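# Structure assessment
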Amino acid sequence: MKAKNQRLTLALLAVAAVIGAALLAMSALKDQAAYFYTPGDAVRDHLPPDKAIRLGGMVPKGSIQHFPDGVTIRFLVTDGQATVPVRYSGIVPALFREGSGVVADGRFDASGLFMADQILAKHDERYMPPQVAGAMHKTKSLK
Amino acid sequence: MHRFANPARFIALARPLTAWFGWSGALLILIALGGGLTVTPSDYLQGETVRIMYIHVPAAWLGMAGWGGIAAASFLQLVWRHPLAAVAARALAVPGAVFAAICLASGSIWGRPTWGTWWVWDGRLTSMLVLFFLYLAYIALAQAAGREESGQRLTALFGLIGAVNLPIIHFSVLWWSTLHQGSSIGLTGTSIDKSLLWPLPLAFFGFTLLFASIVLMRMRTFLADAKVEARLRRMAAA
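The name that an unreviewed UniProt entry assigns to chain B is Heme exporter protein C, with the source organism given as Sphingomonas vulcanisoli. In its Function (unreviewed entry) section, UniProt records this for chain B: "Required for the export of heme to the periplasm for the biogenesis of c-type cytochromes." UniProt, in the comment section headed Sequence similarities (unreviewed entry), describes chain B in these words: "Belongs to the CcmC/CycZ/HelC family."

And the structure:
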């Protein structure tokens, strides 16, 4: 075998081995590397109360309730498999809205209510101007 | 490929290409950013911050493509011992690192008003930050290796193995739940409205041409540097 072909074989083997190792590591990390639990995961895994986690999912339409104190809200988070109530006091990001994604930091209390300390809005991959969005969703006012 | 093993032949081609790529890239960037800042509408949810994507997306692409180039050049260097491969890989490192940094910074600026935070440790953001650190390590390693053959081979090995991070960055939003959204542009279509989309490919090609021009410029600098060094050594010996 010529020296060049030997090097080629070695390099290809090395690349294949490294890719294989990375794929194995990635699939092993699959659960740990998730940034948040979906409501389905949270219900399935029977997360203990008071364990600090992140919960992510969609906020169903019509689920946000405002408390009289003006800063506390209660809303639902769903992933289609399970739906979890969330309570949060504080300022929400501008893009937090019904029908959109959310990631909340916090913990479940004993009754299964998720007490959020922080709320992040999750943006999806759709980008469009207001006119198009208005025509698509028939929303009254987007501004 | 081995036609360009002769640096003089490479430089004869690289010199005009540097100018062509640089100027055409600058023109495309000007059109794309001008259009992206003034002509395109704002997004229905993000408002004006959507315009950051005309910088962010090309920067992310070049940050990753830069390392892709380093890996390909490292492979050429290790297997075929092509004399220009090590030069190309080293020339790619600094611009690649700069674009990775632009991607991280612009994403952070977008994240604050959109998500409500500057930074989160999710799969996409973390793997992109790792890419930036890999660049810094690569630059330090290449600097330390200098013109020493074994050191350059070690650098090439690092460049090849570091490429493992590229698929991790790309698939991070599919494999793991992340705060970062999935891809808006796939092989089958896009979820970006046409009126917002058109400056994006222009910015994409514009920044890519500019990147290529900078890399060619740096390769020529390295070659000229080596030439000067060799001449000085000859003069000292005589």
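### Quick notes on the environment of Ala17 of chain A
All names here are of chain A. Mapped onto the fold, Ala17 is located in helix H1 (residues 3-29). On the basis of relative accessibility, which here comes to 49%, the residue Ala17 falls in the partly exposed class. Once the C-alpha coordinates of Ala17 and Phe108 are considered, the two residues, 91 residues apart in sequence, prove to be 43 Å apart.

### So, the nonpolar core
Most often, soluble globular proteins keep nonpolar side chains buried together rather than apart. Membership of the largest hydrophobic core comes to 48 residues, with the highest contact counts inside it found for Trp67, Ile70, Leu131 and Met219 of chain B. Elements represented by at least two residues in this core include exactly helix H1 (7-38), helix H2 (53-80), helix H3 (85-114), helix H4 (123-145), helix H5 (149-162), helix H6 (165-175) and helix H8 (199-237) of chain B. Counting 19 residues, the second largest nonpolar core, distinct from the first, contains Phe96, Val102, Phe108 and Ala116 of chain A.

### Focus on the side chain of Thr18 of chain B
Residue and element names in this part refer to chain B. Residue position: Thr18 is located in helix H1. Within polar-contact distance, the side chain of Thr18 engages the backbone oxygen of Ala14 at 2.6 Å. If we skip the residues at most four places from it in the chain, Thr18 touches Ser213, Leu216, Met217 and Arg220.

### A word on the UniProt feature "domain: Cytochrome c assembly protein" (unreviewed entry) in chain B
This chain's UniProt record puts "domain: Cytochrome c assembly protein" (unreviewed entry) on residues 28-180 of chain B. The span residues 28-180 of chain B shows a helical share of 76% and a strand share of 0%, and its end C-alpha atoms are spaced 28 Å apart.

### Quick look at the packing of aromatic side chains
Residue and element names in this part refer to chain B. Overall, the coordinates contain 17 aromatic pairs over all chains when judged by the stated rule. With centroids separated by 5.5 Å and ring planes inclined at 85°, the aromatic side chains of Trp110 and Trp115 adopt a geometry described as edge-to-face. You can call Trp110 buried: its relative accessible area is 9%. In this structure Trp115 comes out as buried when scored by relative accessible area, which is 2%. The interplanar angle of 70° and the centroid separation of 6.0 Å between the aromatic rings of Trp175 and Trp176 together place this pair among those described as edge-to-face. For Trp175, a relative accessible area of 24% corresponds to the partly exposed category. Put simply, the rings of Trp67, Tyr135, Tyr138 and Phe158 touch in pairs and so form one group of aromatic residues. For Arg90, the ring lying beneath its charged end belongs to Phe222, and the centroid distance is 4.9 Å.

### Regarding the interface of chain A and chain B
Counting residues at the interface gives 37 residues for chain A and 41 residues for chain B. Roughly 3,400 Å² of surface becomes buried between chain A and chain B when both sides are summed, with 66% attributable to carbon and sulfur atoms. Applying the counting criterion to the chain A and chain B interface returns 0 salt bridges. Across the contact surface, chain A and chain B share 12 residue pairs in polar contact (both at pLDDT 80 or more). Within the residue set of the side of chain A that touches chain B, elements represented by two or more residues are H1, strand E6 (114-122) and helix H3 (130-137) of chain A. Considering every element that reaches the side of chain A that touches chain B, the biggest residue donor is H1 of chain A, with 11 residues. Of the residues in the side of chain A that touches chain B, the class split is 26 nonpolar, 3 polar and 8 charged.

### Comments concerning the packing of H3 of chain B against H8 of chain B
Geometrically, a packed helix pair is captured by the angle between its two axes and the distance between the axes. Residues and elements named next belong to chain B. H8 packs onto H3 with a crossing angle of 135° between their chain directions and a minimal axis gap of 8 Å. In terms of axis orientation, H3 runs oblique to H8. Relative to H8, the crossing made by H3 is right-handed. Of the residues in H8, those in contact with Val87, Ala88, Arg90, Ala91, Leu92, Val94, Pro95, Gly96 and Phe99 of H3 are Phe207, Phe211, Ile214, Val215, Arg218, Met219, Phe222 and Leu223. Each residue belonging to the contact of H3 with H8 can be placed in one class, and the counts come to 14 nonpolar, 1 polar and 2 charged.

### Observations regarding H6 of chain B
Taken residue by residue, H6 of chain B has Asn165, Leu166, Ile168, Ile169, Ser172 and Val173 of chain B as its buried positions. Close packing links the buried residues of H6 of chain B with H1 of chain A together with H2, H4 and H5 of chain B.

### Remarks on a positive patch on the surface
All names here are of chain B. Taken together, Arg15, Lys227, Arg231 and Arg234 make up a surface patch of like positive charges. Along the polypeptide, Lys227 turns up in helix H8. Exposure remark for Lys227: the relative accessible area of 55% places this residue in the exposed category.

### Points about the packing of H1 of chain B against H8 of chain B
Residues and elements named next belong to chain B. Interhelical geometry of H1 versus H8 gives an angle of 150° and a closest axis separation of 6 Å. By the criterion of interaxial angle, the relationship of H1 to H8 is roughly antiparallel. In terms of crossing hand, the pair formed by H1 and H8 is left-handed. Each residue belonging to the contact of H1 with H8 can be placed in one class, and the counts come to 23 nonpolar, 8 polar and 2 charged.

Calculation notes
- Residues numbered from 1 in each chain as written.
- Chains lettered and ligands numbered in written order.
- Predicted model: local features only at pLDDT ≥ 70, side-chain atom pairs only at ≥ 80, totals over all residues.
- Heavy atoms only, no water.
- UniProt positions renumbered as here; feature names shortened; annotations may be inferred.
- Helix = DSSP H or I, 4+ residues; strand = E, 2+ residues; numbered from the N terminus.
- Buried < 20%, exposed > 50% of the residue type's maximum accessible area, 1.4 Å probe, protein only.
- Core = buried A, V, L, I, M, F, W, Y, C linked by side-chain atoms within 4.5 Å.
- Polar contact = N/O pair within 3.5 Å; in protein donor to acceptor, adjacent residues only side chain to side chain.
- Contact = heavy atoms within 4.5 Å.
- Phe/Tyr/Trp six-rings, centres within 6.5 Å; stacked < 30°, edge-to-face > 60°.
- Lys NZ or Arg CZ within 6 Å of the ring centre and 35° of its normal.
- Buried area = accessible area lost by both parts, 1.4 Å probe.
- Salt bridge = Lys/Arg side-chain N within 4 Å of Asp/Glu carboxyl O.
- Nonpolar A, V, L, I, M, F, W, Y, C, P; charged D, E, K, R; others polar.
- Axes fitted to C-alpha atoms, helices over the stretch in contact; angles between N-to-C directions.
- Parallel < 35°, antiparallel > 145°, perpendicular 65-115°, else oblique.
- Left-handed = near helix turned anticlockwise from the far one by under 90°.
- Patch = residues over 30% accessible without salt bridge, like charges linked within 9 Å, V, L, I, M, F, W, Y side chains within 5 Å.
- Areas by Shrake-Rupley, 256 points an atom, 1.4 Å probe, with all protein chains shown as cover.
- Lys, Arg positive; Asp, Glu negative; His and termini not counted.
- Charge placed at Lys NZ, Arg CZ, Asp CG, Glu CD.

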